[in-house]
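Understanding the architecture of this molecule
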Number of protein chains: 2
Amino acid sequence: MPLPRQVCIAVIGAGGVGKCFLSQLSGLASKLSQSPGAPYYLSLVWLSTSKKAIYNADYKPLNNWESELQNSTKPTLPLPELAEYLVKAPGKVVLVDNTSNQDVANSYPAFLKKGISVVTPNKKAFSGDYTLWTDIFSAASNGTGNGGYIFHESSVGAGLPVISTLKDLVETGDQVQKIEGVFSGTMSFLFNSFQPTSGGGGKFSAEVTNAKDKGYTEPDARDDLNGLDVARKLTILARLAGLKVESPTSFPVQSLIPKELESCSSGDEFLQRLPEFDGQMDELKSEAEKEGKVIRFVGSVDVPNNKVKVGLEKFDKSHPIAALKGSDNIIAFYTKRYGDNPLIIQGAGAGGDVTAMGVTADLVKVLRLLN
Amino acid sequence: MPLPRQVCIAVIGAGGVGKCFLSQLSGLASKLSQSPGAPYYLSLVWLSTSKKAIYNADYKPLNNWESELQNSTKPTLPLPELAEYLVKAPGKVVLVDNTSNQDVANSYPAFLKKGISVVTPNKKAFSGDYTLWTDIFSAASNGTGNGGYIFHESSVGAGLPVISTLKDLVETGDQVQKIEGVFSGTMSFLFNSFQPTSGGGGKFSAEVTNAKDKGYTEPDARDDLNGLDVARKLTILARLAGLKVESPTSFPVQSLIPKELESCSSGDEFLQRLPEFDGQMDELKSEAEKEGKVIRFVGSVDVPNNKVKVGLEKFDKSHPIAALKGSDNIIAFYTKRYGDNPLIIQGAGAGGDVTAMGVTADLVKVLRLLN
């Protein structure tokens, strides 16, 4: 039996998702080290934040990253230097990008071309300029190139099997007609509270503040309410379904930031003034109620008609999208094979642990392919 | 760029699923042949039914399998001879078992040990004796062996991503607490019609006859009503979750065949006498109704308590299991990471095209790994 080979893991980002990933990585590494006959073993050889990095000049594994990172004063390397550094590692390398940084995303093609695989929940790489998308997949071995592998399951719906399922549908020759769903945990929580199917619900501005207090929004809630996060996810799905979507701003995206508040200088000022617009939201709510419906913030891709959109829509109370709970996501794939009853995937679509899970599962996929 | 390598496909079974798979295979093969730089091309080198087979002595591809099979008078080979034949093929071999045959299932370890990969929707291999399960996964490269690869997504929920999701949860270190769902299209259709959440519904025996007439049951409806099909699926999921389940009869399975009708000599006699027991079913229905619930035929795996069971249970009308439509399956994974709101997968869990889709997607996975 051949000796297990070393696979070097380089991680950028040690925030919420990053920390959860590092904990899952340590579990995976120790499971592998205890499996006789496992074809590889994992070494964490690099960990960086936006400011500093930890790594050993001889690629010796980082076994106590938490304390080492805390005590480190080494500045991080520029990305091209990091690529140069990793390419000389004593084994295949997987770069795990747990940031949402555009610069890191822009560097994927360079890493991939050097044979370094990339796994990431970072939406920026797949929802930005179409050129970056093309550059990534023409470099990757699981695209049309012969560089490293790239996987990004957690860029939509966190650990939910959304991207792998869509890829399976497309690759096996199904015709995807429509993809529709609630793609934001924040928006899910907001509208499930603002207009529960059972009636009631608070003022919209109060629900936004409540969601923020519970940690369901970005530090500045406007970053959720502008719809861009959902638009990025829809861009990714539309492209995987075969549509050439230029960018997340190249199709209609409804922002829930009232025009009059676009000039607010801070998130706090915005929240303070948001109650002025509760009347408008109440109007939408009662309009829906009159039809026996509820409003939800959804995204959809209409493949045959090449249309992507993001915004508020009304749903019958018995519709699975209306019946969603908490901050769950739901994604429905309407395809030729599945007919009128779509393939539905539902569950938590945000949170450190479930996002990291998608990243770790992607890492396992890469490991098998590197085998 | 290296020349694309030939991968030889051998298919057993040309029934409903088999025909759909062959059509998807032909789509996949032609897509590959049109992709410049595709690392492999596919040749169908063997196709057999229970009686006859088509193959060319020099492994020349079967390009018109439909007419060739119709006209063939060649008897099929015994499985050990087939293995001997395939191992000499001019390329890696993937055996696609589209039967539900126990003998074919029993031969997987032998094929795998010879380096032949297996993809299949056949439940028998994974839900029979625990020894067969062990033999398969100790031979396969994606088990602990170094033979061929084995994938069986369609053995539970057809093309729905049930098995891959459960594997991802386990491999990334999540703790699966409970798996619960409706795992049979027939049972789904029967109970969604017998007791719709909106009230009404027919007599149970009439719904069984209706389901049979619509092609939703096996030719003999008792093969659905005995619960064994669901028990087999639960056995597979429980084993993937880490439980050592001996066989699909080693845990409680409720049969919907009344004791008094177990001796019926034919499916027709059974259907004729089933109305005698409508009173009992109506009683269950009105009991549930009084609690504001509906009855459904479900299976569940309770991982921490090592308990698997299959049978009728009552669900609140707002529960996702109660709200299922048509003949859809639903599978809910309750895990430590996903907390109270489970990861849910829902959609058609039977039918030639969607079952074949799971098999084709598994084939694509094998192709990548053989790369």
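In this text, all values refer to a predicted model and were calculated from it rather than measured experimentally.

This part covers the sheet that holds strand 4 (residues 92–97) of chain A. Residue and element names in this part refer to chain A. Pairing within the open sheet is mixed, and its six strands lie in the order 3-2-1-4-5-6. In this open sheet, the two strands that pair with only one neighbour each are strand 3 (53–54) and strand 6 (150–151). Set on the sheet, helix 1 (residues 16–33) makes contact with strand 1 (5–12), strand 2 (40–48) and strand 4; between it and strand 2 the angle comes to about 155°.

To continue, consider the environment of Ile331(B). All names here are of chain B. Within the secondary structure layout, Ile331 lies in strand 10 (residues 328–335). According to the relative accessible area criterion, Ile331 is buried, its value standing at 0%. In sequence terms Ile331 and Gly181 are 150 residues apart; their C-alpha atoms lie 4.4 Å from each other. Setting aside its immediate chain neighbours within four residues, Ile331 contacts Leu160, Val162, Ile179, Glu180, Gly181, Phe183, Leu343, Ile344 and Ile345.

A few words now on the nonpolar core. The biggest cluster of nonpolar side chains holds 171 residues, and the ones touching the most others in it are Leu86(A), Phe191(A), Trp46(B), Leu86(B) and Phe191(B). Those residues in contact with Phe191(B), other than ones at most four positions away along the chain, are Pro196(B), Phe204(B), Leu256(B), Met281(B), Ile295(B), Arg296(B), Phe297(B) and Leu312(B). Core analysis: the next-biggest nonpolar cluster, separate from the first, contains 65 residues, Phe21(A), Ala38(A), Phe151(A) and Leu42(B) among them.

Before going further, it helps to examine the UniProt feature "active site" (unreviewed entry) in chain A. Residue and element names in this part refer to chain A. Annotation from UniProt places "active site" (unreviewed entry) at Lys233. Mapping Lys233 onto the fold places it in helix 12 (residues 228–240). Look past the residues within four positions of Lys233 in its chain and what remains in contact with it is Lys123, Ser155, Val156, Phe183 and Ser184.

Between side chains of opposite charge, a pair can form as their charged atoms come close. Taken as a whole and assessed by the stated rule, the structure comprises 28 salt bridges over all chains. Two residues, Glu171(B) and Arg368(A), come together in a salt bridge whose shortest N-O distance is 2.6 Å. With one member in each of two chains, Glu171(B) in helix 8 (residues 163–171) and Arg368(A) in helix 15 (residues 352–370) form a pair that bridges those chains. Asp229(B) serves as the salt-bridge partner of Lys123(B), at 3.2 Å between the closest nitrogen and oxygen.

Below, the discussion takes up the pairing of strand 7 (residues 176–182) of chain B. Residues and elements named next belong to chain B. Extensive coverage of strand 7 is indicated by the burial of five of its seven residues. One ladder, built from six bridges, connects strand 7 with strand 10; its direction is antiparallel. Along strand 10, the bridge assignment pairs Val182 with Ile330.

Our next topic: the UniProt feature "binding site: NADPH" (unreviewed entry) in chain A. Residue and element names in this part refer to chain A. The feature "binding site: NADPH" (unreviewed entry), as given by UniProt, occupies Thr99 and Lys123 in the numbering adopted here. Over a stretch of 25 residues, the named residues converge on one spot in the fold, their C-alpha atoms separated by at most 9.4 Å. On the secondary structure map, Thr99 appears in the loop between strand 4 and helix 4 (102–106). With residues up to four places along the chain from it excluded, the contact list for Thr99 reads Ile12, Gly13, Val104 and Asn122. Judged by relative accessible area, which is 21%, Lys123 ranks as partly exposed.

Here the focus is the packing of aromatic side chains. Tallied over the entire structure, the rule returns 22 aromatic pairs over all chains. Aromatic ring contacts, followed pair by pair, group Trp46(A), Tyr55(A), Tyr59(A) and Tyr85(A) into a single cluster. In this structure, Lys178(B) packs its charged tip against the face of Tyr334(B), placed 4.9 Å from the ring centre. The ring centre of Phe194(B) lies 4.3 Å from the NZ or CZ of Lys285(B), which sits over that ring.

With that settled, the discussion passes to the interface of chain B and chain A. One frequent convention defines the size of an interface as the accessible area lost when the parts assemble. In this assembly, 34 residues from chain B lie in contact with 34 residues from chain A. When chain B packs against chain A, the two sides together hide about 3100 Å² of surface, and 55% of this comes from carbon and sulfur. Along the contact surface separating chain B from chain A lie two salt bridges. Run the count over chain B and chain A and you get eight residue pairs in polar contact (both at pLDDT 80 or more). For the side of chain B that touches chain A, the secondary structure elements donating two or more residues are helix 1 (16–33), helix 8, strand 11 (343–348) and helix 15 (352–370) of chain B. Per-class residue counts for the side of chain B that touches chain A are 16 nonpolar, nine polar and nine charged. In this structure, strand 11 (residues 343–348) of chain A lies alongside strand 11 of chain B, joined through three bridges in antiparallel fashion.

Let us now look at helix 12 (residues 228–240) of chain B. Residues and elements named next belong to chain B. Between its first and last C-alpha, helix 12 extends 18 Å over 13 residues, near the 18 Å set by a 1.5 Å rise per residue. In terms of residue burial, helix 12 counts as a mostly covered element, since eleven of its 13 residues are buried. Residues of helix 12 that are buried: Val230, Ala231, Arg232, Lys233, Leu234, Thr235, Ile236, Leu237, Ala238, Arg239 and Leu240. Phi turns positive, to about 105°, at Gly242, one or two residues after helix 12.

Attention now goes to the relation of the copies chain B and chain A. Both copies of the chain are related by one operation, a rotation about an axis with a shift along it. Laying chain B over chain A is done by rotating through 180° and shifting 0.0 Å along the axis; what remains is an RMSD of 0.1 Å. Such a combination of turn and shift is consistent with a two-fold rotation axis. Measuring from the rotation axis to each C-alpha of chain B, the shortest distance belongs to Ile345(B), at 2.4 Å. Both copies contact each other with a shared surface, as 100% of the interface residues of chain B are interface residues in chain A too.

Right, let's talk about the sheet that holds strand 8 (residues 293–302) of chain A for a bit. One open sheet accounts for ten strands, arranged 9(A)-8(A)-7(A)-10(A)-11(A)-11(B)-10(B)-7(B)-8(B)-9(B); its pairing is antiparallel. With partners counted over all chains shown, the strands left at the sheet margins are strand 9 (307–316) of chain A together with strand 9 (307–316) of chain B, one partner each. Each strand of the sheet is rotated relative to its neighbour by a mean of 20°, with strand direction disregarded. Sitting on the sheet, helix 14 (residues 278–290) of chain B is in contact with strand 8 (293–302) and strand 9 of chain B, with an inclination near 90° to strand 8 of chain B.

Before going further, it helps to examine the packing of helix 15 of chain A against helix 8 of chain B. For any two helices packed against each other, one specifies the inter-axial angle together with the distance between the axes. For the pair helix 15 of chain A and helix 8 of chain B, the least separation of the axes is 9 Å and the interaxial angle reads 100°. What the angle tells us is that helix 15 of chain A and helix 8 of chain B run roughly perpendicular. Note on element contacts: helix 8 of chain B touches helix 15 of chain A through Asp168(B), Leu169(B) and Glu171(B), opposite Met357(A), Ala361(A), Val364(A), Lys365(A) and Arg368(A). Its residues assigned to classes, the contact of helix 15 of chain A with helix 8 of chain B comprises four nonpolar, no polar and four charged.

With that settled, the discussion passes to the packing of helix 8 of chain B against helix 12 of chain B. All names here are of chain B. Running from N to C, helix 8 and helix 12 point in directions that differ by 20°, and their axes come no closer than 10 Å. The angle between the axes of helix 8 and helix 12 places the two elements in the roughly parallel class. At the point where helix 8 passes helix 12, the crossing takes the right-handed sense. Across from Ile163, Leu166, Lys167 and Val170 in helix 8, the residues of helix 12 making contact are Ile236, Leu237 and Leu240.

All names here are of chain B. Considering the arrangement of structural elements, one finds Gly13 in the loop between strand 1 (5–12) and helix 1. Here Gly13 falls in the buried class, since its relative accessible area comes to 8%. For the pair Gly13 and Lys233, spaced 220 residues apart in sequence, the C-alpha separation works out to 21 Å.

So, on to the environment of Gly147(A). All names here are of chain A. Here Gly147 is to be found in the loop between helix 7 (130–139) and strand 6. For Gly147, a relative accessible area of 15% corresponds to the buried category. Counting along the chain gives 69 residues from Gly147 to Pro78, while the straight-line C-alpha distance between them is 21 Å. Residue contacts for Gly147: discarding those within four places in its chain leaves Leu112, Gly115, Ala139, Ala140 and Ser141.

Conventions we followed
- Residues numbered from 1 in each chain as written.
- Chains lettered and ligands numbered in written order.
- Predicted model: local features only at pLDDT ≥ 70, side-chain atom pairs only at ≥ 80, totals over all residues.
- Heavy atoms only, no water.
- Pairing = 2+ DSSP bridges.
- Helix = DSSP H or I, 4+ residues; strand = E, 2+ residues; numbered from the N terminus.
- Contact = heavy atoms within 4.5 Å.
- Axes fitted to C-alpha atoms, helices over the stretch in contact; angles between N-to-C directions.
- Buried < 20%, exposed > 50% of the residue type's maximum accessible area, 1.4 Å probe, protein only.
- Core = buried A, V, L, I, M, F, W, Y, C linked by side-chain atoms within 4.5 Å.
- UniProt positions renumbered as here; feature names shortened; annotations may be inferred.
- Salt bridge = Lys/Arg side-chain N within 4 Å of Asp/Glu carboxyl O.
- Phe/Tyr/Trp six-rings, centres within 6.5 Å; stacked < 30°, edge-to-face > 60°.
- Lys NZ or Arg CZ within 6 Å of the ring centre and 35° of its normal.
- Buried area = accessible area lost by both parts, 1.4 Å probe.
- Polar contact = N/O pair within 3.5 Å; in protein donor to acceptor, adjacent residues only side chain to side chain.
- Nonpolar A, V, L, I, M, F, W, Y, C, P; charged D, E, K, R; others polar.
- Expected span 1.5 Å × (residues − 1).
- Least-squares fit on C-alpha atoms with pLDDT ≥ 70 in both.
- Parallel < 35°, antiparallel > 145°, perpendicular 65-115°, else oblique.
- Left-handed = near helix turned anticlockwise from the far one by under 90°.

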